[in-house]
Amino acid sequence: AVAVVLMHAYTYRQHEEAVAALAREVGFAQVTTSSSTLPMVKLVPRGYTATADAYLTPHIKAYLASFVAGFDDDISKVEISFMQSDGGLAPADSFCGFRAVLSGPAGGYIGYAKTAHTPGGPPVIGFDMGGTS
């Protein structure tokens, strides 16, 4: 796996894309560009995010492949989604490393909010001890 991080890619991503194409051409299976994962000005956070994604995505893809392989052929007719760090859901085919890093805390909060809240009812307070991240 390789992470491509160039200083001004937040505004001019073509150079990162060219380097990524070269990396794929020489045989890297997982290539992550910082401009596609986190298009922001700050170089270091973009680099951290791209590096985490480059490292984690192959492991997540392998896990998802083994997960799906454990079901009958009819599983292809079922929409499978996974919780992302922001609490949203992503289809299995687009779930990637940097969006999975903190899915546990987001999942606890979203799960609690959906199960405990009653419209017009009293406010609720929840506690998620964590441990998955």
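Everything below is about the structure shown above.
This section reports on the structure supplied with the text. Just so it is clear, the structure is predicted and the values come from calculations on it, not from any experiment.

1. What about the overall build of the protein?
Scanning the protein from terminus to terminus reveals four helices and four strands. When its helices and strands are written in sequence order, the protein yields β-α-β-α-α-β-β-α. Within the protein, the proportion of its 133 residues that are buried is 26%. Long-range pairs, those at least 24 residues apart, make up 46% of the contacts in the protein between residues at least 6 apart in sequence. For the protein, the exposed surface amounts to about 9,000 Å²; the carbon and sulfur share of it is 62%.

2. Quick word on the pattern of salt bridges
Summed over all chains, the structure comprises two salt bridges. The shortest N-O distance in the salt bridge between Glu17 and Arg13 comes to 3.2 Å. In this structure, the salt-bridge partner of Glu16 is Arg46, at a minimum N-O distance of 3.9 Å. Here Glu16, found in helix α1 (residues 14–25), pairs with Arg46, found in helix α3 (residues 43–69); they are 30 residues apart in sequence, far enough to count as distant. Glu16 sits in the buried class, given a relative accessible area of 0%.

3. Observations concerning the environment of Leu89
Its place among the elements puts Leu89 in strand β4 (residues 89–91). Taking relative accessible area as the criterion, Leu89 reaches 58% and is therefore assigned exposed. Along the sequence, Leu89 and Arg99 sit 10 residues apart, while their C-alpha atoms lie 10.0 Å from each other.

4. A closer look at the packing of aromatic side chains
Per the stated rule, a full pass over the model turns up four aromatic pairs. Ring centres of Phe67 and Phe82 lie 6.0 Å apart, and the angle between their planes is 70 degrees; this geometry places the pair in the edge-to-face category. Of the two residues, Phe67 sits in helix α3 while Phe82 sits in strand β3 (residues 81–83), which places them 15 residues apart along the sequence.

5. A short note on the nonpolar core
Grouped together as the largest cluster of nonpolar side chains are nine residues: Ile60, Leu64, Ile75, Ile80, Phe82, Ala90, Ala92, Phe95 and Ala100. Dropping the residues within four chain positions of it, Ile60 is found in contact with Phe95, Cys96, Gly97 and Ala100.

6. Some thoughts on the environment of Ala29
Tracing the backbone shows Ala29 in the loop between α1 and β2 (31–33). In the structure, Ala29 is positioned 27 residues away from Val2 in sequence and 8.6 Å away in space, judged by C-alpha atoms.

What counts and what doesn't
Residues numbered from 1 in each chain as written. Predicted model: local features only at pLDDT ≥ 70, side-chain atom pairs only at ≥ 80, totals over all residues. Heavy atoms only, no water. Helix = DSSP H or I, 4+ residues; strand = E, 2+ residues; numbered from the N terminus. Buried < 20%, exposed > 50% of the residue type's maximum accessible area, 1.4 Å probe, protein only. Contact = heavy atoms within 4.5 Å. Areas by Shrake-Rupley, 256 points an atom, 1.4 Å probe, with all protein chains shown as cover. Salt bridge = Lys/Arg side-chain N within 4 Å of Asp/Glu carboxyl O. Phe/Tyr/Trp six-rings, centres within 6.5 Å; stacked < 30°, edge-to-face > 60°. Core = buried A, V, L, I, M, F, W, Y, C linked by side-chain atoms within 4.5 Å.

The values reported here are purely geometric and, on their own, carry no functional implication.
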